[in-house]
Amino acid sequence: MTPGDLVLTPLGVRFRGRLVPCSVGRGGITARKREGDGATPAGAHRIVGLLYRPDRVAAGALPGWAVPIHPADGWSDDPADPDYNLMVRRPHPFGHERLCRADPLYDIVLTTDFNWPHAERGLGSAIFLHCWRAPRYPTAGCVAFDRRDLVWIVNRLDYGARLIVPQP
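Residue positions are given per chain, counting from 1 as you read along its sequence in written order. Only residues with pLDDT of 70 or above have their local features reported here, since the model is predicted, and side-chain atom pairs are shown and tallied only from 80 upward, although totals for entire chains, interfaces and linings are computed over all residues. By convention in this description, side-chain values take in all heavy atoms of the structure and omit both hydrogens and water.

Student: I'd like a rundown of the overall build of the chain, residues and numbers included.
Tutor: The way it works is that DSSP assigns letters per residue, a run of H or I at least four long becomes a helix, a run of E at least two long becomes a strand, and they are numbered from the N terminus. Assigned secondary structure in the chain consists of one helix and 14 strands. Radius of gyration here uses only the C-alpha atoms, and the compact-globule reference equals 2.2 Å multiplied by the residue count raised to the power 0.38. A compact globule built from 168 residues would reach a C-alpha radius of gyration of about 15 Å, and the chain, at 15 Å, matches this within 12%. In terms of overall dimensions, the chain has a C-alpha envelope of 45 × 40 × 30 Å along the principal axes. Counting only residues that meet the buried cut, the chain has 49% of its 168 residues in that class. Per-residue accessibility, obtained with a 1.4 Å probe over protein chains only, is compared with the maximum for each type, and a residue is labelled buried under 20%, exposed over 50%, and partly exposed between these values.

Student: Can you explain the pattern of salt bridges? Please cite residues and give values.
Tutor: By convention in these notes, a salt bridge is any Lys or Arg side-chain nitrogen within 4 Å of a carboxyl oxygen on Asp or Glu. Per the stated rule, a full pass over the model turns up 11 salt bridges. Salt-bridge contacts for Arg147 lead to Asp107; the nearest nitrogen and oxygen are separated by 2.9 Å. Within this pair, whereas Arg147 is found in helix α1 (residues 147-154), its partner Asp107 is found in the loop between β10 (96-98) and β11 (108-112), the two being separated by 40 residues in sequence. A salt bridge links Asp146 to Arg148, with the shortest nitrogen-to-oxygen separation between them at 3.3 Å. Taken together, the shared-partner salt bridges connect Arg56, Asp107 and Arg147 into one network.

Given below as structure tokens:
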């Protein structure tokens, strides 16, 4: 581990000397991730992207490597899709998540290299770090934070840092 890594603990994520409250997948932590199981995958996952809603977040509030997302952007979560676990443009003929959601969950999104960029079909997709729905409210497998904490993390995080999720 390096000082710039995010380390998941039972009490939150340890990062830059702080313990930041977070939520994980409704299926807990797993070493055997599968699409749709609601679990957060164990392992060391590199941060490989930062996406944001330019209509809700000022570009200057985030580091220079942040990329804006727009209404036609999605993320494939369909194992039958040749673009499985990749960003796609909507409309899209396969199952996918909208990145521009009506709620604020994906206003700021850190993407990880879990099962990316060459995805194994059915292993799991869209393992992100994003805003939480409510304190400690479980996710579909992502790690979620209060928006203020996520902004704090993003502005101190280096591209390529790792999210360390210990084995269950």
